[in-house]
Amino acid sequence: MLDKLREGAQGKVAKVILGLIILSFALAGVGSYLNGPARTAPATVNGNDISSAALENAYRNERARMESQMGESFSQLAANPDYMKQFRRGVLDRLIDQALFDSKARELGLRVSDEQIKQAIVAMPEFAEDGKFNNDRYLQLIRRAGMTPEMFRDSLRQDMVRQQLMGALLGTEFALKGEAEQLDKLYNQTRDLRLVRLAASAYLGDVKVSDEEVEQYYKANSSHFMNDEQVKVDYLLLDAATLGKDVKVSEQDAQDYYDQHQDLFQRAERRHVAHILIPFGKDEKAAEQKAEAVLTKAKAGDDFAALAKADSSDTFSAKKGGELDWFEKGVMDPAFEKAAFALAKAGDLSTVVKSPFGFHVIKLLGVEPAQTKPFADVKAETISRLQADKAKELFFAEQQKMADSSFENPDSLDLTADTMGLKVQSTGYFSQADAPAPLNDPKVLSAAFSEQLRDDNTNSDVIELADGKALVMHITGHQPKAAKPLAEVKEQVIAAIKHDKASEVARGKAQGLLDKLKAGENIQAELTALGLKVENHDGVARFAQDLDQNLVAQAFRMPHPIDGKPSVELVTEANGDRVVVALDKVTVAKEPSGMAKLLQGQLGQGKAQVSYKSLIDELRKSAKIEYFTDVEATVE
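Residues numbered from 1 in each chain as written. Predicted model: local features only at pLDDT ≥ 70, side-chain atom pairs only at ≥ 80, totals over all residues. Heavy atoms only, no water.

Draft legend 1. Expanded view of the pattern of salt bridges. One pass over the full model with this rule turns up 32 salt bridges. Arg197 is the salt-bridge partner of Glu573, the closest N and O atoms lying 2.5 Å from each other. Highlighted residues: Glu573 in the loop between strand 19 (567-572) and strand 20 (578-587) and Arg197 in strand 5 (residues 190-198), separated in sequence by 376 residues. Using a relative accessible area of 7% as the deciding quantity, one classes Glu573 as buried. We note a salt bridge from Asp348 to Lys345, for which the minimum N-O separation is 3.5 Å. Connected via shared salt-bridge partners are Arg89, Asp93, Asp97 and Arg620. (Salt bridge = Lys/Arg side-chain N within 4 Å of Asp/Glu carboxyl O. Helix = DSSP H or I, 4+ residues; strand = E, 2+ residues; numbered from the N terminus. Buried < 20%, exposed > 50% of the residue type's maximum accessible area, 1.4 Å probe, protein only.)

Structure representation (structure tokens):
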């Protein structure tokens, strides 16, 4: 048999087959060289990559910062894919600006010496223990951050070089005192106004609307009458509280747990003390001397309770002879606590102890040593703890079971429901604004309105909610954002047209009044005929909140009155009302306010920010910046 195989291998057919195999391997190798590795960098700056890792790290940090600042508000924004796409692009742009800034610093020859870096590290409070630099703590913290000493040193060097350039750029900008004072006077300027208000609502009865106008308005403004995007879903809800009802814990289980976890049932050592508090007052040294004198009296045998009633500023405890409630470690001021727990036996006195509240003299009244709570006292608590723990374990096991089943059967939730013993719950159509509970969670809404999940027509991942709940869902219907039918919004359209027309009627009447005022005529007769009154508003500030903001902004753009003749303008308020505004007087403060100094600093900072942006803009113009995304690659 082996001889026949050798003979076959020498034949022409075998040689042709072998040649083709060799050729296929050769072409595959050439192809790999031609194709090269796929690009993974999201952007390059002058040929240098902004790495995906750098972007992900910066993105996570910025997202964490925003979540910390905005809380639930940011979660709602994060549910919008378009917003998060812009958010991520903003982070990438900041990394690009940073790379350009670093390049400029290198071009200028800015450097930071090793000694400067060493001094900076030693001065960092994060690495100090008892006020001194601790090398072990330094190494521990940077390793915890996933860095080596060399990586931390290089990162710090880069930051310090940036600070050099930033300091040179921003530290040279300043604002003159006169600039700040002039701006302060503008901010604090007030104006005396007379207003004649012609409300659009007063003229609604004077206008009519035709069917043709309704049709035209609806076509031109259909974007104002849109239905929100809506979906309907099936979902399965897993609730730890429901699972916990079926968990049984026997008294023996609780006893076993108690025996095995004695450390959980320890009651810490407690102290019972009395104290005398002498506040710092205006003379801290005198207060300390008074405390020393009180301590001397107590040591000489004077009654401590009487001394507390006479001298302690803690009036509540002084009434009880300075006696405080029992406490354990971690409750009182650290200095007070350290002194109290240093006392050995009842009747012992501390030295004078300084705390943020003043000087204390402490007397130990009693000690209750640490002890284990009896099982009878903690039985109910232990059973509840075991029930919660077992329910949690069961919940996680069921959650994993639900995840596996919904993944293996992605077309619907029916098989998963049968496996889990749950009921599929179905919703009607809902938008992001009116999602029913428990679907009104940002994570759920993000998935429910996910284009990919809808297109794939598969089950979602298991989504963890608050309060020990989790769900998986399947989108069963989708209605895109679209204009509502005219029949549905006709009354709204008519109301909008009427309001616009009424506002125009008000404008015409207001213009007539304005023309007469500009001509210097008296308009009292016209006001009486129109049933209008003049509103007087003296001392209106630039940031007044009790008037329409459009009106206030226009009033502060109007020219000053000349020779006692008021400036007059016609202003449209946000609600469509027309207001004739007469500016009678402008009051300017003679002296700058206390805000002038602050404004001077803000003006300097504003100029510095303009300088920084100008530098970045110039660097961007002269740099080659390439963006690489899934759908496009653009070059600036």
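Draft legend 2. Summary view of the side chain of Asp239. Following the sequence through the fold, Asp239 ends up in strand 7 (residues 230-239). Salt bridges are absent for the buried Asp239, whose nearest opposite-charge side chain, Lys469, sits at 4.3 Å. Side-chain polar atoms of Asp239 contact the backbone nitrogen of Ala241, separated by 2.9 Å. Excluding its chain neighbours within four sequence positions, the residues that come into contact with Asp239 are Phe395, Gly468 and Lys469. (Lys, Arg positive; Asp, Glu negative; His and termini not counted. Polar contact = N/O pair within 3.5 Å; in protein donor to acceptor, adjacent residues only side chain to side chain. Contact = heavy atoms within 4.5 Å.)

Draft legend 3. Expanded view of the packing of aromatic side chains. This structure, assessed with the given rule, holds 15 aromatic pairs. With a centroid separation of 5.1 Å and an interplanar angle of 75 degrees, the aromatic rings of Phe127 and Tyr138 are classed as edge-to-face. One end of the pair, Phe127, is in the loop between helix 6 (114-123) and strand 3 (128-129); the other, Tyr138, is in helix 7 (residues 135-144), with 11 residues separating them in the sequence. Taken individually, Phe127 and Tyr138 each receive the classification buried, so the pair is uniform in this respect. By way of ring pairs, the aromatic residues Phe127, Phe133, Tyr138 and Phe152 are connected into one cluster. In this arrangement the basic side chain of Arg88 is found over the ring face of Tyr59, its NZ or CZ atom lying 4.7 Å from the centre. Its end group placed over the ring of Tyr627, Arg89 keeps NZ or CZ at 3.7 Å from the ring centre. (Phe/Tyr/Trp six-rings, centres within 6.5 Å; stacked < 30°, edge-to-face > 60°. Lys NZ or Arg CZ within 6 Å of the ring centre and 35° of its normal.)

Draft legend 4. Helix 13 (residues 284-299), seen in detail. Over its 16 residues, helix 13 runs 23 Å from end to end, which matches the ideal 22 Å to within 8%, given 1.5 Å per residue. Buried residues of helix 13: Ala287, Ala291, Val294, Leu295 and Ala298, and no others. Mapping the buried residues of helix 13 onto a view down its axis gives an arc of 100 degrees, with all of them on the same face. Projecting away from the buried face of helix 13 at angles above 90 degrees are the exposed residues Lys285, Gln289, Thr296 and Lys299. Packing partners of the buried residues in helix 13 comprise strand 9 (270-278), helix 14 (304-311) and strand 12 (358-368). Near the N-terminus of helix 13, the side chain that reaches the backbone nitrogen of Lys285, with its oxygen 3.2 Å away, is that of Asp283. (Expected span 1.5 Å × (residues − 1). Arc of directions from axis to C-beta.)

Draft legend 5. Representation of the sheet that holds strand 12 within the structure. One open sheet holds the 4 strands; their spatial order is 10-9-12-11, and the pairing between them is antiparallel. Two strands close off the open sheet at either side, each with one partner strand: strand 10 (327-328) and strand 11 (353-355). Of the pairings in the sheet, the one linking strand 9 to strand 12 comprises 9 bridges and is antiparallel in character. When the sheet's bridge partners are listed, His275 is paired in strand 12 with Ile362. In the packing of helix 13 onto the sheet, the strands contacted are strand 9, strand 11 and strand 12, and the crossing angle to strand 12 comes to about 35 degrees. (Pairing = 2+ DSSP bridges. Axes fitted to C-alpha atoms, helices over the stretch in contact; angles between N-to-C directions.)

Draft legend 6. Seen up close, the UniProt feature "domain: PpiC" (unreviewed entry) in the protein chain. Mapped onto the present numbering, the UniProt feature "domain: PpiC" (unreviewed entry) falls on residues 268-366. Secondary structure across residues 268-366 comprises 37% helix and 23% strand; the distance between its end C-alpha atoms is 14 Å. (UniProt positions renumbered as here; feature names shortened; annotations may be inferred.)

Draft legend 7. The nonpolar core, seen in detail. Counting 37 residues, the largest nonpolar core has Ile96 and Phe152 as the members making the most contacts within it. Core analysis: the next-biggest nonpolar cluster, separate from the first, contains 17 residues, Val231, Tyr235, Ala447 and Ile475 among them. (Core = buried A, V, L, I, M, F, W, Y, C linked by side-chain atoms within 4.5 Å.)

Draft legend 8. Molecular detail of unusual backbone geometry. In this structure, the amide linkage connecting Ala437 to the following residue, Pro438, adopts the cis form with an omega of 5 degrees. By the element assignment, Pro438 lies in the loop between strand 14 (425-426) and helix 19 (442-448). Backbone geometry places Asn46, a non-glycine residue, at a positive phi of 50 degrees. With respect to the helices and strands, Asn46 occurs in the loop between strand 1 (43-45) and strand 2 (48-50). Overall, the relative accessible area of 43% leaves Asn46 in the partly exposed class. Of note, the phi angle at Asp563 is positive, near 55 degrees, even though the residue is not glycine. Relative to the helices and strands, Asp563 resides in the loop between helix 23 (549-555) and strand 19.

Draft legend 9. Examining the domain arrangement of the protein chain more closely. Partitioning the protein chain into structural domains gives domain 1 (43-169), domain 2 (188-221 + 489-588), domain 3 (230-243 + 402-482) and domain 4 (269-369). For domain 2 versus domain 3, the distance between C-alpha centres works out to 52 Å. (Domains from an automatic or database assignment.)

Draft legend 10. Broad picture of the confidence of the model for the protein chain. Confidence in the prediction of the protein chain, expressed as mean pLDDT, is 86, and 92% of residues score 70 or more. In this model residues 25-37 is a low-confidence stretch, pLDDT under 50, and it forms 0 contacts with partners more than four residues away in sequence or in other chains. Segment residues 630-636: pLDDT under 50, and 14 contacts once partners within four positions in sequence are set aside and those in other chains are kept. (pLDDT = per-residue confidence, 0-100.)

Draft legend 11. Region of the structure containing the sheet that holds strand 14. If you walk across this open sheet you meet the 4 strands as 14-7-16-15, and the pairing is antiparallel. With partners counted over all chains shown, the strands left at the sheet margins are strand 14 and strand 15 (463-465), one partner each. Pairing geometry for strand 7 and strand 14, over 2 bridges, is antiparallel. Among the inter-strand pairings, Tyr235 is bridged to a residue of strand 14, identified as Gln425. The sheet strands contacting helix 17 (residues 375-408) are strand 7, strand 15 and strand 16 (469-479), and the helix crosses strand 16 at an angle near 30 degrees.

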